[in-house]
Amino acid sequence: MTTSAIGYSTKHSYSALQQIAFERRALEPRDVQIDILYCGVCHSDVHQCANDWKNTMYPCMPGHEIVGRVAAVGPAVSRLKIGDMVGVGCMVDSCHACAACRDNLEQYCEGPKGFTGTYNGPFKPDGTNTFGGYSNIIVVDERFVLTIPTNLHLPGVAPLLCAGVTTYSPLKHWKVTSGQRVAVVGLGGLGHMGVKLAAAMGASVTVLSTSPDKRDDAMRLGAVEFFDTADHKAMQRLELTFDFMLSTIPDAHDINPYIKLLKRDATLAVVGLLTPFANPTENGQVAFHRRCIAGSLIGGIKETQELLNFCGEHNIISDVEVIDIKDVNDAFKKLQKGQVRYRFVLDIGNTLRPT
Ligand code: NAP
Ligand code: ZN
Ligand code: ZN
């Protein structure tokens, strides 16, 4: 039997999020039904609703930073039981057979449809779109459900499921270690997690920001230096200094001023932008010091659990502003204006009621 649910979705790229009623699928043997308590508001939710990536299926119900309580389990569920506090991130399925899936890198699934996003699918085999965490209930294959360390404050855990793992994964992949100089570009949802995680890994973190008023926050979050990217003299002084850089800028921009800041053989991983840069890349800058420009997408399920455990051990959560789901459209506008410190989290459990 399907389960009646409610959630907030957009009908078009230009419409506001509004409450709709819909059905969650009947539990399959490996499925877990979750009562959602909190869901983070990622800048990707804004991009997806606005059809910035030209692949949005409407209605679009975002939300891929989900924390909730297990309400029911299918007969083949082995790891989880009713009452467990769990998380769901950006993926709810993948092909399970390709080389990437076999390597626990489901985010790079090479199956015919790639991974199935927690929202915006792609279409499931039954032809329906997936709906995310701006809703009261979700049904997910247990293989895509994460367990949450018991010592962490739940609203601050939600953003770990995307912002956390999206920054953790490249820091690990490019082997950031103690004593290295790491720059985080853009201090927003992803950026502030990048600072906390890189600092916890022992790196010496510099924040490069367009918002001088974030300086004190950057230091509190674990950075040792902060520079306004409009300060050209400071940017010049920083040339050839970083062992690794992580860019979280969400909009088209010129990447070239950042490339120069890399040491020889160092990597700039761009996680913020999934569309072209505003200017062509100056490959001379890349070639002369054998620098590397890279991208990275979220993290696999195994790595997401590793990140959650790391955060449990280091007592790391996201800095959040917990809001009523009725204010989600306002939150989208604020996110576009950079007015969030540092992640909005929807208080679904206490504020999502049928209208
Ligand atoms: P966010 O909270 O809005 O933070 C982005 C930060 O970038 C802002 O706080 C701002 O920091 C800086 N910024 C914004 N516009 C800028 C501009 N035009 N030029 C320079 N800096 C600018 O967004 P988020 O949730 O962290 O997401 C960031 C991006 O990552 C989004 O595009 C999202 O879609 C993408 N994303 C990618 C992945 C992945 O797997 N690769 C996963 C999740 C999200 P300052 O004020 O410090 O300058
Ligand atoms: Zn996200
Ligand atoms: Zn696969």
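Check the entry above for the structure.
A few points on the structure. Quick caveat: nothing in here was measured; it's all calculated off a predicted structure.

### Quick look at the coordination of the zinc ion (ligand 3)
Stage number 1. Here the zinc ion (ligand 3) is held by the protein donor atoms C95 (SG), C98 (SG), C101 (SG) and C109 (SG), which lie 2.3 to 2.4 Å from it.
Stage number 2. Around the zinc ion (ligand 3), the four donor atoms are arranged such that angles at the metal cover 104 to 119°; this shape is classified as tetrahedral.
Stage number 3. The sequence motif formed by the donor residues of the zinc ion (ligand 3) is C-x2-C-x2-C-x7-C. Remark: C109 occurs in the loop between α2 (99-102) and β7 (116-117) and C98 occurs in the loop between β6 (91-93) and α2; sequence separation between them is 11 residues. Neither C98 nor C109 differs from the other in exposure class; each is buried.

### Here we look at the site of ligand 1
Stage number 1. Lining the immediate environment of ligand 1, one finds 27 residues, of which S209, T210, S211, K214 and R343 sit closest.
Stage number 2. A distance of 2.6 Å separates an oxygen atom of ligand 1 from a polar atom in the side chain of R343.
Stage number 3. Protein contacts shield 89% of the accessible area of ligand 1, which totals 920 Å² for the unbound molecule.
Stage number 4. Looking at the shell around ligand 1, the elements with two or more residues in it are α1 (43-49) and α5 (189-200).
Stage number 5. The greatest single-element share of the shell around ligand 1, amounting to three residues, is contributed by α1.
Stage number 6. Taken together, the residues of the shell around ligand 1 break down into 11 nonpolar, 13 polar and three charged.
Stage number 7. Both domains that furnish three or more residues to the shell around ligand 1 are identified here as domain 1 (3-162 + 319-351) and domain 2 (163-295).

### With respect to the sheet that holds strand β15 (residues 292-295)
Stage number 1. In space, the six strands of this open sheet follow the order β12-β11-β10-β13-β14-β15, with parallel pairing throughout. With one partner strand each, in any of the chains shown, β12 (225-228) and β15 form the two edges of the open sheet. Between one strand axis and the next, the sheet turns through 20° on average, direction left out of account.
Stage number 2. Sheet topology places strand β10 (residues 181-185) next to strand β11 (residues 204-209); five bridges connect them, and they run parallel. Along β11, the bridge assignment pairs V185 with L208.

### What to know about the nonpolar core
A general feature of soluble globular proteins is that nonpolar side chains tend to end up buried together.
Stage number 1. Y134 and L197 are the most contacted members of the largest nonpolar core, which has 89 residues in total.
Stage number 2. Take this core: its biggest share by element is six residues, from strand β3 (residues 31-40).
Stage number 3. Counting only domains with at least three residues in this core, you end up with domain 1 (3-162 + 319-351) and domain 2 (163-295).
Stage number 4. Beyond its immediate stretch of four places on either side in the chain, L197 contacts G164, T167, Y168, L171, L307, F310, C311 and I316.
Stage number 5. Of all hydrophobic cores here, the second largest spans 20 residues; its members include L261, A266, V270 and V286.

### A closer look at the coordination of the zinc ion (ligand 2)
Stage number 1. Around the zinc ion (ligand 2), the donor atoms from the protein are C42 (SG), H64 (NE2) and C162 (SG), and they sit 2.0 to 2.3 Å away.
Stage number 2. All donors of the zinc ion (ligand 2) come from a single chain, and their spacing in sequence reads C-x21-H-x97-C. Placement of C42 in the loop between β3 and α1 and of C162 in the loop between α3 (154-157) and α4 (163-173) is noted, with a sequence separation of 120 residues between them.
Stage number 3. Relative accessible area serves as the criterion here: at 2%, C42 is assigned to the buried category.

### With respect to the packing of α4 against α5
Stage number 1. In the contact formed by α4 and α5, the axes pass within 8 Å of each other and the chain directions differ by 50°. The pairing of α4 with α5 is recorded here as oblique in orientation. Judged by the twist between their axes, the crossing of α4 over α5 is right-handed. Packed against α4, whose contacting residues are A163, G164, T166, T167, Y168 and L171, the element α5 presents G189, L190, M193, G194, L197 and A198 at the interface.

The rules we used
- Residues numbered from 1 in each chain as written.
- Chains lettered and ligands numbered in written order.
- Predicted model: local features only at pLDDT ≥ 70, side-chain atom pairs only at ≥ 80, totals over all residues.
- Heavy atoms only, no water.
- Donors = N, O, S within 2.8 Å, 3.2 Å for Na, K, Ca; no water.
- Tetrahedral: all angles 85-135°; square planar, octahedral: opposite > 155°, others 65-115°.
- Helix = DSSP H or I, 4+ residues; strand = E, 2+ residues; numbered from the N terminus.
- Buried < 20%, exposed > 50% of the residue type's maximum accessible area, 1.4 Å probe, protein only.
- Near = heavy atom within 4 Å.
- Polar contact = N/O pair within 3.5 Å; in protein donor to acceptor, adjacent residues only side chain to side chain.
- Areas by Shrake-Rupley, 256 points an atom, 1.4 Å probe, with all protein chains shown as cover.
- Nonpolar A, V, L, I, M, F, W, Y, C, P; charged D, E, K, R; others polar.
- Domains from an automatic or database assignment.
- Pairing = 2+ DSSP bridges.
- Axes fitted to C-alpha atoms, helices over the stretch in contact; angles between N-to-C directions.
- Core = buried A, V, L, I, M, F, W, Y, C linked by side-chain atoms within 4.5 Å.
- Contact = heavy atoms within 4.5 Å.
- Parallel < 35°, antiparallel > 145°, perpendicular 65-115°, else oblique.
- Left-handed = near helix turned anticlockwise from the far one by under 90°.

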